Amino acid sequence: MKRKAFKKPFLWLVLAFAFSGATLFAQSDNTLFNHADDSRIFVAGQINLIHQQHPSFFAKYTGENSLKPEREKATSRLLTLYTGFQISKSIEVLFDVESTGGRGLSDALGLAGFTNLDVVRNPSLGTSPYIGRAIFHQTFAIGRESVPADRNFLSLATEKAEKRVEIYLGKFSTVDFFDTNSVGSDSHLQFMNWTVDNNGAYDYAADTRGYTWGAVVEYESRSWGLRFGEALMPRVANGIDMDWNIRHARAENVELDIRPVVFKDHPTTLRFLSYVNHANMGSYREAIDGFLAGRDPVPDIEAHRMQGRLKYGFGFNAEQSLPADTRVYGRLGWNDGRNESFAYTEVDRHAAVGGDIAGKRWHRKNDRVGIATVFNAISGDHHRYLQLGGKGFLLGDGSLNYGLEKIVEFYYTARVARGVYVSLDLQHINNPGYNRDRGPVFVPGLRVHLDF
C-alpha cells in the first residue's frame, strides 16, 4: 500500500498553538514548552512515531487475515492537539484534534494482541485531521476538603474536592475513564501492545479510531470511586459510523475503584469492571451451523447478525507501588464469547502481569524500563469458527491449530531532552492469532515521542 504524504498543515497547526501558548505557561520539565496551572486556556500537543518490523517466521499456511510471514516493516504516526477552556472553577470544555498516518504490520491483521496501539485498523481512512474528543466536563464538590489534581487533557483543575461527582458528556475514548492503569495504559511512553495497554477481553465501545459518543458519571472519594458510562456502539464490527439508535445499540460500563492502605506510602488500587454491549452482532454458533448445514459456502458471521444481541464481560485491574521507584500491575478479563468480537479486538479471555522501574537508581530519573506478559484466549465457539475457515475483523488464517496467544513485551524509554523521549521496544509472540501452526514472531520497535 502506498503511504500517503504527511499532512504538514496539521503539524504547523500543532506547533503554532504550542508556540502561541508558550508565553502563558509556567515551568514544566516534561514538555517542550512551559505550561501554566492558573490559565483558563489549556493548549498542548504530542507527536508519537512508532517503527516496527519482524523477520520472516514459520507458517504452515497463511490466510487473508493473517500476519504476513515474510519480513515486514511499518511506521505509524499520531499527532494530537489538546485544547481546553475553563468556563468556571467547576465547568470546562475540552476539544482535541488528531491525525493518524502510516500503517501497522500487515495492516493490523493476524494478531489478537496487535503490536502497536496507535495503528488505525482501517488504513483507507487516510491522514486527514479528525475530532478525537469534544467533552463538556462539570464537577460537583461534596464537602470542603480538597486534594491536588493533575492538569491534563481530561481535566484542567489542579485542585479538586476530595469527595466529588464528575460528569463528562460528548466524544471520548471509553478507556479514558475505564480500565486505566498507571503502569500499562500509555502507548506513548510505556508499552505498545494492544493487550498490554488494555484488557483484551474488554470489547469497549469504539469506532475504528477508538472513540465513541456518550456520558460518564463518576463519584470519587479518598478511598474509593465508582463510575458509570453509557456509550454508542458502531453500526458494524470495527466500523467508523456509530449507531445512534440507543434502543437497540449501546454500551453500559460500570467500574468500582478501591484504594486500600496495604503498604504505607505505597498506593494500592483495585478496579472491578463490568460491561454490556448491545449491537447488531453475529453469532459464532449460528455461523458454524450455517456452514455445516451447507447453507453458507464458508463460515460467515456477518450473514448471521441480529440487532440487539448482547456481549457482556468482566475485568479486574490492580496496581501496586513498591519501594525503589518500582510498580507492578495485573489484569484479568472474561467475556461470554458467544457473539462476535465487535469493537476492540478478538479476545474472550485475558490475563496480564507486568511492572516498571524508574531510572533514578542508575542516575536517569526520567527514564523508565518495563516488562509485561500477556495470555489471550477465545471461547470454544470462536475457536471453532476460525478453525473452519471463518474470518473476524482481525483474524482468519483459513484454518486453526488452537493455542493460547502468549506475548512478552519489554521497553526502555529514555528522556533525551525536555519533552523528547525515545523508546526501544521488543515483543515476542507465541501462537499469533491463537495458531500453533504459525510463529513465533519477534517484533522489535523504535518510538520517538514529543510532548509540547
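Calculation rules
- Residues numbered from 1 in each chain as written.
- Predicted model: local features only at pLDDT ≥ 70, side-chain atom pairs only at ≥ 80, totals over all residues.
- Heavy atoms only, no water.
- Helix = DSSP H or I, 4+ residues; strand = E, 2+ residues; numbered from the N terminus.
- Rg over C-alpha atoms; globule rule 2.2 N^0.38 Å.
- Areas by Shrake-Rupley, 256 points an atom, 1.4 Å probe, with all protein chains shown as cover.
- Lys, Arg positive; Asp, Glu negative; His and termini not counted.
- Charge placed at Lys NZ, Arg CZ, Asp CG, Glu CD.
- pLDDT = per-residue confidence, 0-100.
- Contact = heavy atoms within 4.5 Å.
- Axes fitted to C-alpha atoms, helices over the stretch in contact; angles between N-to-C directions.
- Left-handed = near helix turned anticlockwise from the far one by under 90°.
- Nonpolar A, V, L, I, M, F, W, Y, C, P; charged D, E, K, R; others polar.
- Buried < 20%, exposed > 50% of the residue type's maximum accessible area, 1.4 Å probe, protein only.
- Arc of directions from axis to C-beta.
- Salt bridge = Lys/Arg side-chain N within 4 Å of Asp/Glu carboxyl O.
- Polar contact = N/O pair within 3.5 Å; in protein donor to acceptor, adjacent residues only side chain to side chain.
- Core = buried A, V, L, I, M, F, W, Y, C linked by side-chain atoms within 4.5 Å.
- Phe/Tyr/Trp six-rings, centres within 6.5 Å; stacked < 30°, edge-to-face > 60°.
- Lys NZ or Arg CZ within 6 Å of the ring centre and 35° of its normal.

## Side note on the overall build of the protein chain
So, point 1. Counting its secondary structure elements, the protein chain contains four helices and 18 strands.
So, point 2. A globule of 452 residues ought to have a C-alpha radius of gyration of about 22 Å, and the protein chain, at 22 Å, matches this closely.
So, point 3. Each principal axis of the C-alpha atoms in the protein chain carries an extent, and together these give about 65 × 50 × 45 Å.
So, point 4. When the accessible area of the protein chain is evaluated, it comes to approximately 19,100 Å², of which 59% is carbon and sulfur surface.
So, point 5. Side-chain charges of the protein chain comprise 52 positive and 51 negative groups, with the mean position of each set lying 3 Å from the other.

## Things to note about the confidence of the model for the protein chain
So, point 1. Per-residue confidence for the protein chain gives a mean pLDDT of 92, with 94% of residues at or over 70.
So, point 2. With pLDDT under 50 throughout, residues 1–7 is counted as low confidence; its partners more than four residues away or in other chains account for 18 contacts.
So, point 3. The low-confidence segment residues 9–27 (pLDDT under 50) makes 37 contacts with residues lying over four places distant or belonging to another chain.

## Thoughts on the packing of helix α3 (residues 284–292) against helix α4 (residues 380–387)
So, point 1. Taken N-terminus to C-terminus, the directions of α3 and α4 make an angle of 35°; their axes are 9 Å apart at the nearest point. The two elements α3 and α4 meet at a crossing, and its hand is left-handed. Residues Y284, R285, A287 and I288 of α3 form the contact with α4, whose own contacting residues are D381, H382, R384 and Y385.
So, point 2. When its residues are assigned to classes, the contact of α3 with α4 shows four nonpolar, one polar and three charged.

## Looking at α4
So, point 1. Taken as a whole, α4 has its buried residues at D381, H382, Y385 and L386. Down the axis, α4 shows its buried residues gathered within 130° of arc, on one side only.
So, point 2. Of the surrounding secondary structure, the elements contacted by the buried residues of α4 are α3.

## Brief notes about the side chain of E92
So, point 1. Along the chain, E92 turns up in strand β3 (residues 91–102).
So, point 2. Buried E92, no salt bridge; nearest opposite-charge side chain is K160, N-O distance 6.3 Å.
So, point 3. Polar side-chain contacts of E92 include one of 2.7 Å to the side chain of H137.
So, point 4. Engagement of the side chain of E92 in a polar contact is seen with the backbone nitrogen of L156, the distance being 3.1 Å.

## Notes on the nonpolar core
So, point 1. In terms of nonpolar packing, the biggest core is built from 64 residues, with F114, F177, Y202, Y329, Y385 and Y434 touching the most fellow members.
So, point 2. For this core, the element with the highest residue contribution is strand β11 (residues 268–282), accounting for four residues.
So, point 3. The contacts of Y329, once residues within four sequence positions are left out, are N181, V183, G184, F191, V196, A318, E319, A352, V353, G354, G355 and A372.

## Digging into the pattern of salt bridges
So, point 1. Per the counting criterion, the structure on display carries 27 salt bridges.
So, point 2. Among the ionic pairs, E220 bridges to R259, the shortest N-O distance being 2.9 Å. Linking E220 in strand β6 (residues 212–220) with R259 in the loop between β10 (250–258) and β11, this pair joins segments that are 39 residues apart in sequence.
So, point 3. Given the relative accessible area of 9%, E220 is considered buried.
So, point 4. Notably, a salt bridge pairs E319 with R271, separated by 2.9 Å at the nearest N-O pair. With E319 in strand β12 (residues 305–322) and R271 in strand β11, this residue pair connects regions lying 48 residues apart in the sequence.

## Here's the deal with the packing of aromatic side chains
So, point 1. Under the definition given, this model contains 18 aromatic pairs.
So, point 2. Ring geometry for F272 and F316: centres 5.3 Å apart, planes at 50°, overall tilted. Here F272 is found in strand β11, whereas its partner F316 is found in strand β12, with 44 residues between them in sequence.
So, point 3. For F272, a relative accessible area of 37% translates into the label partly exposed.
So, point 4. For F316, a relative accessible area of 27% puts it in the partly exposed group.
So, point 5. Ring plane angle 75° and centroid distance 6.4 Å describe the contact between Y312 and F314, whose orientation is recorded as edge-to-face.
So, point 6. What makes F314 partly exposed here is its relative accessible area of 44%.
So, point 7. Ring-pair connections join several aromatic residues into one group, and the members of that group are F114, W194, Y202, Y204, Y275 and Y344.
So, point 8. The lysine or arginine in question, R209, covers the ring of Y130, its NZ or CZ lying 4.0 Å from the ring centre.

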